[in-house]
Structures are given as structure tokens and as C-alpha cells.
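# Topology and contacts: notes
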Amino acid sequence: MPIQRTYSLPSCTLVVEGIGSEDALSILTNFELQFHDAQAQISGGRHLLVVIFTAVQEYVKELLLQLHDCFPSKAQPSLAANQEPSSRVFLETVAPHQHLLHIQAIAADSSITDPLVVKLGTVQLFDLVEIFDQLGLDPQTLPDLVLPLQIGVLKRQPTSPLPILLGVSGLAIAAGAMLVIMPPLLKRPEPVPVPVAQPVPKVLPPKPPQLVDPKLLQVAGEKLRQRVDQAWQVSISFSEDLSFVVTTDQNGEVLDYQPTAATKKLMSADLDQELPLQALQTAYKSANPGKNLGSVSPTYKFNLTFSPRDGGVLELKPVNLAP
């Protein structure tokens, strides 16, 4: 039967369509990758999706290696090893925190008719990494495409809360840290003549990135899940999944929440009152006057989905990390 899955982040959305059974999508028939800021859309079949995924994965690995070794990006596009001339996709660095995604030769299973170039900032690049990470974490969608990891899914059971399982790939953790603290890529300086008597100042390399402790991330997610689960007591009036990006402190308190692009079209004042996020945020501000999102550290971001199926289901997983 036909099945559709949507993976959404603030700067991009991936929709995959295919055929499967018992809610498992095993055969991909089409995908659409929408970049909101760039007003660009890519669509096609499984072959093009795999090629884009491979190109992004190899490019980000190279960026992380360059950050570790303190070398500047060479900005030289390269063809992924498994790509064919009919589907040439690559990324290149054109400036610090500025990247270009090229689709020069069009795959046979793509609806694109002309070569396409999408301009991405570092935030958009790692949103794209996270979108592919979400796809890989979903065991019900194309399980043979990437190795599935655990994902936090909880049925709504106010009288018997269950622990959450938070899963995130090592690449997404490193990408989140790099997104927050990555310094501008350095260019090699031109040699400057120095007088013999003048000492040459020492140049210290940048400090390596510090990763947020995954255990603290899991604790914040568990506390957020408990707060939302206990506060979500009203009857369900909506019929489609509603997803939000929720910012919390280390105790899982709701500091801020924003609906995804797809959810924003469905939201109303009555629906905001029905869901518990507004009440949780208001309660925190009342108990902590003077505190705001910019004065709290560390903070954590989670993708929280309210689903009407089975009487109410919560789905929770990390979005990125903040220092």
C-alpha cells in the first residue's frame, strides 16, 4: 500500500513516498527535498537520494577532518566513488560557513531538467545531515538504505510512564558540536619578511571542539518527556501528526518551542491551548522571573511530535546540541 514519511527541520524538509506493508516503507517511489531559505526543491527516486546522501556524508566527514587538523577547505569538488556520470552530485566550500550543493548531470530517476546549484550555510548543511540522520534512525523506512538506530517513541500512558530511548548517530553529535563552535576556516597567510632582531610571535592552534555529554542530553530528554506526558491530559481533537522543535534546560523545562513548517499550517489558538507546551513554558517563566532563553546554559533542542494514533503517541529525539 502507498506510504508517505516526512522529516522536517527549520531549514529543510524531506518527504519520501513508497510502497510497503504494515506501516513499513520498503520500496521508494519518489522523494522531495525542500530547502526553505533557498527556495529550492529536489525530487527523484532512490538512486538520486542515495547519491545525494553519499555526497553529503563524504563532504561532512572531510569538513570534520579539516577542523580536527586545522587545515582550510580545498573547495575542490569530487565525485563520490559510487556515482555514475548520469548522476554527478557534489558539494564545495566557497567561503567560511558557505557551501554549494551541485547536481550537474541529472539522474535517470530525477524530475530535474537542468543542472541545479543550492547555496547552503553551515546551519542548513547540518540540518541536511540531521534530515538524513532522521531517515537512518527510522526503522520503518528503507531499512536497507542505512543502518537503523534506536529512536525514542512513547505511547501516551499517563498512569504508567515509560522511559525514553534517545538515539542519535555519532556523526550528528559531532555535526551539532561543529555547528555551534566551529571557527571560520583559516586561509594560509602570505609570508611576511621579519627583521632578524624581532621575535616571531607564536600562533596557537584553535582549541578542539568540546562535545556535550550524551548522558546529560538523555537526562534532559527524559525529564522533558515526563513533563509533557503528565501535562497532556485533554482529549485529542486533531487527526494529523503535530511536530515542534522544543528548547529546554538541563532539567527538561520548556524554554521555547516552535512548530515545524508543516505543523504551522495546521496550528490554531485552540489547538495551542489543547497541547501542553504553552502551559509548560508559561509555568517556567512564572517560576523563574527574569530568566529567558538567552540567559540559560546549557540548552538542548528536541524534535517532539504529538501523534493522534493509538489514543495519543509522543515521539522525541534530539535535534542538535548547544553549549
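It should be noted that the structure appears before, not after, this text.
Residues numbered from 1 in each chain as written. Predicted model: local features only at pLDDT ≥ 70, side-chain atom pairs only at ≥ 80, totals over all residues. Heavy atoms only, no water.

## Points about the overall build of the chain
Along the backbone of the chain there are seven helices and twelve strands. For the chain, with 323 residues in total, the buried portion stands at 45%. Considering only intrachain contacts with a sequence separation of at least 6, the fraction spanning at least 24 residues in the chain is 60%. (Helix = DSSP H or I, 4+ residues; strand = E, 2+ residues; numbered from the N terminus. Buried < 20%, exposed > 50% of the residue type's maximum accessible area, 1.4 Å probe, protein only. Contact = heavy atoms within 4.5 Å.)

## Quick word on the pattern of salt bridges
Under the criterion given, the structure shown has five salt bridges. Measuring nitrogen to oxygen at the nearest pair gives 3.5 Å for the salt bridge that ties Arg-225 to Asp-229. On the criterion of helical spacing, the pair formed by Arg-225 and Asp-229 is a turn pair, its members being four residues apart in helix H4 (residues 214-231). The partner of Arg-227 in a salt bridge is Glu-253, with the nearest N and O atoms 3.5 Å apart. Linking Arg-227 in helix H4 with Glu-253 in the loop between strand E9 (242-248) and strand E10 (254-259), this pair joins segments that are 26 residues apart in sequence. (Salt bridge = Lys/Arg side-chain N within 4 Å of Asp/Glu carboxyl O.)

## Focus on the nonpolar core
Burial of nonpolar side chains together is a common tendency in soluble globular proteins. Counting residues in each nonpolar core, the largest one holds 41 residues, and the members touching the most others are Leu-14, Phe-31, Phe-35, Ile-42, Leu-49 and Ile-52. In terms of residue count, helix H1 (residues 46-69) provides more of this core than any other element does, eleven residues in total. Excluding anything up to four places from it in sequence, Leu-49 contacts Leu-14, Leu-28, Phe-31, Phe-132, Leu-135, Leu-142 and Leu-145. (Core = buried A, V, L, I, M, F, W, Y, C linked by side-chain atoms within 4.5 Å.)

## Observations regarding unusual backbone geometry
For the bond running from Ser-297 to Pro-298, omega is 0°, close enough to zero to count as cis. Within the secondary structure, Pro-298 is located in the loop between helix H7 (277-287) and strand E11 (300-307). For Leu-142, which is not a glycine, the phi torsion comes out positive at approximately 45°. Mapping Leu-142 onto the fold places it in the loop between helix H2 (122-137) and strand E8 (152-155).

## Considerations on H2
In this model, H2 (16 residues) spans 22 Å end to end at C-alpha, consistent with the 22 Å of a helix rising 1.5 Å per residue. In terms of residue burial, H2 counts as a mostly covered element, since 15 of its 16 residues are buried. (Expected span 1.5 Å × (residues − 1).)

## A look at the pairing of strand E1 (residues 2-9)
Sheet analysis places E1 next to strand E2 (residues 12-21), joined by eight bridges and oriented antiparallel. Paired with Ile-3 across the bridge in E2 is Gly-18. Connecting E1 to the next strand, E2, in antiparallel fashion are two residues. (Pairing = 2+ DSSP bridges.)

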